[in-house]
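# Breakdown of the fold
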Amino acid sequence: MNRYLLPVSLLGTAVGGAVLLRDYVAGGACPSKATLQGKTVIVTGANTGIGRETALELARRGGNIILACRDMEKCEAAAKAIRGETLNHHVNARHLDLASLKSVREFAKKIIEEEEKVHVLINNAAVMRCPHWTTEDGFEMQLGVNHLGHFLLTNLLLDKLKASAPSRIINLSSLAHVAGHIDFEDLNWEKRTYNTKAAYCQSKLAVVLFTRELSRRLQGTGVTVNALHPGVARTELGRHTGMHSSAFSSFTLGPIFWLLVKSPQLAAQTSTYLAVAEDLEGVSGKYFDGLREKAPAPEAEDDEVARRLWAESARLVGLQGS
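To keep things clear, this report deals only with the structure shown in the data block. Values in this document were obtained by computation on a predicted structure and should not be read as measured data. (Residues numbered from 1 in each chain as written. Predicted model: local features only at pLDDT ≥ 70, side-chain atom pairs only at ≥ 80, totals over all residues. Heavy atoms only, no water.)

Now for the overall build of the protein. The helix and strand inventory of the protein stands at ten helices and eight strands. Out of the 322 residues in the protein, the part that is buried amounts to 52%. Considering only residue pairs separated by 6 or more positions, the protein has 78% of its internal contacts joining residues 24 or more positions apart. When the accessible surface of the protein is summed, it comes to about 15,400 Å², and 54% of that surface belongs to carbon and sulfur atoms. (Helix = DSSP H or I, 4+ residues; strand = E, 2+ residues; numbered from the N terminus. Buried < 20%, exposed > 50% of the residue type's maximum accessible area, 1.4 Å probe, protein only. Contact = heavy atoms within 4.5 Å. Areas by Shrake-Rupley, 256 points an atom, 1.4 Å probe, with all protein chains shown as cover.)

Moving on, we get to the pattern of salt bridges. Taken as a whole, this structure holds 16 salt bridges when the rule is applied. Linking E113 and K109 is a salt bridge whose minimum nitrogen-to-oxygen distance equals 2.6 Å. Of the two residues, E113 and K109 are both situated in helix α4 (residues 101-114); the distance of four residues between them amounts to about one turn of the helix. Classification of E113 by relative accessible area gives exposed; the value is 53%. As a salt-bridge pair, D183 and R192 come within 3.4 Å of each other at their nearest N and O atoms. The exposure class of R192 is partly exposed, given its relative accessible area of 31%. One connected set of salt bridges, linked through shared partners, spans E57, R60, R61 and E85. (Salt bridge = Lys/Arg side-chain N within 4 Å of Asp/Glu carboxyl O.)

This paragraph deals with the nonpolar core. Within the largest apolar cluster, 51 residues are counted, with the highest numbers of intra-cluster contacts made by I42, I169 and I182. Only β2 (64-69), α4, α5 (141-163), α6 (196-217), β6 (223-229) and α10 (303-317) provide two or more residues apiece to this core. Ranked by the residues each element gives to this core, the list is headed by α5, at ten residues. Leave out the neighbours within four places in its chain, and I169 touches L121, N123, T154, L158, L161, L214, L218, V223, T224, V225 and N226. C30, A78, A79 and L280 belong to the second-largest nonpolar core, a separate cluster that totals 34 residues. (Core = buried A, V, L, I, M, F, W, Y, C linked by side-chain atoms within 4.5 Å.)

End to end, α10 covers 21 Å across 15 residues, agreeing with the expected 21 Å (1.5 Å per residue, within 8%). Residues of α10 that are buried in the fold lie against α4, α5 and α6. Near the N-terminus of α10, the side chain that reaches the backbone nitrogen of E304, with its oxygen 3.0 Å away, is that of D302. At the C-terminal side of α10, G318 shows a positive phi close to 80 degrees. (Expected span 1.5 Å × (residues − 1). Polar contact = N/O pair within 3.5 Å; in protein donor to acceptor, adjacent residues only side chain to side chain.)

Next up on the list: the packing of α4 against α5. Across the interface, α4 lies against α5 with an axial gap of 10 Å and an inter-helix angle of 20 degrees. Relative to α5, the element α4 lies roughly parallel. The element α4 and its partner α5 pack so that their crossing is right-handed. Contacts between α4 and α5 involve L101, V104, R105, F107, A108, I111 and I112 from the former and G149, L152, L153, L156, L157 and K160 from the latter. (Axes fitted to C-alpha atoms, helices over the stretch in contact; angles between N-to-C directions. Parallel < 35°, antiparallel > 145°, perpendicular 65-115°, else oblique. Left-handed = near helix turned anticlockwise from the far one by under 90°.)

Time to look at the packing of α5 against α6. Packed helices, taken two at a time, are described by the angle between their axes plus the distance between the axes. Remark: α5 packs on α6, axes separated minimally by 7 Å, with the N-to-C direction vectors making an angle of 20 degrees. Comparing the axis directions of α5 and α6 gives the class roughly parallel. Of α6, the residues touching α5 (which contributes Q142, L143, N146, H147, H150, F151, T154, N155 and L158) are T196, A199, Y200, Q202, S203, K204, A206, V207, F210 and L214. For the contact of α5 with α6, the residue count by class is nine nonpolar, nine polar and one charged. (Nonpolar A, V, L, I, M, F, W, Y, C, P; charged D, E, K, R; others polar.)

To continue, consider the pairing of strand β4 (residues 120-123). Of the two faces of β4, both are covered, the one formed by V120 and I122 as well as the one formed by L121 and N123. In the sheet, strand β1 (residues 40-44) pairs with β4 via three bridges, with the strands oriented parallel. Its bridge partner being in β4, I42 is matched across the sheet by L121. Relative to strand β5 (residues 167-172), β4 is paired through four bridges, and the arrangement is parallel. When the sheet's bridge partners are listed, I122 is paired in β5 with I170. (Pairing = 2+ DSSP bridges.)

The next point concerns the sheet that holds strand β8 (residues 292-294). Sheet strands pair via backbone hydrogen bonds, and the direction of the pair is either parallel or antiparallel. A sheet is described by the order of its strands in space; here eight strands give the open sequence β3-β2-β1-β4-β5-β6-β7-β8, paired in mixed fashion. The open sheet has two free edges, formed respectively by β3 (91-95) and β8, since each of these has just one partner strand. For this sheet the average axis-to-axis angle between neighbouring strands, irrespective of direction, equals 25 degrees. Bridging between β1 and β2 involves five bridges; their strand directions are parallel. What sits directly across from T44, in β2, is A68. Each of β1, β2, β3, β4 and β5 is contacted by helix α2 (residues 49-60), which is oriented at about 165 degrees to β2, the strand it contacts most.

Structural measurements only, silent on function.
Dropping the structure here:
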């Protein structure tokens, strides 16, 4: 027997077992085989990471996929690559900058004018723990992009979604929402010393609260809305956290992250599941961690906070009578 055979065999078994464990921890693949023939899907932030993998998976299922992104060069490249990989020619790039209410309104106007129906809206785009930047309209960047931009976009497309019912809205939040708190006295961090982590957590809590109140308002319309935590994935979202540039973190935490951190493809399975699964028809106002429904943080289930946040969000983005 080759003296290297046994060690190599054992190594292969160990690696294979680790991969299986990683996939188990990550939550697994979408179990639904449902297709999207004839259905239009919008995915924000779809040129990279979880958004791109979600768009790719839904394109494989035959959907008319619209990639809505700020960087049109990257967006066009992603759309072209997805068309080539799936042979689905109904994959198109559209400009959308969630840090600009003007851009959000222009994007929504074109969708309303040019698309007969919209069956699925996936509010995927996000920024995470960036410096104290502000949007074009003066909002703290994480609140502005992660919540307010999507809040306005969703409201502007509601009539189209209702006319296309049954339809679905999917909001990407994060487990980080459990550490969040909605500070109505200083939503935009104009009075306090800026805390990039706390601002991120607040924005992701806002996403879950928005989902809850929107679900209440959509009862009986045939439109559902759910929020999700996709898991921690290896994407560009964490570029401001310092993990990528820290040799110490890479050396000490790298093996743990390899085991627990999802690939973008695996992280996209929750969005895919919520978009297509037949068993979720009619399910609304819920929070999913991976492929399982879970209870969100207590503040995320506070109806009074949800209503108050809706009213304040509508005021900030200029939605009258909402």
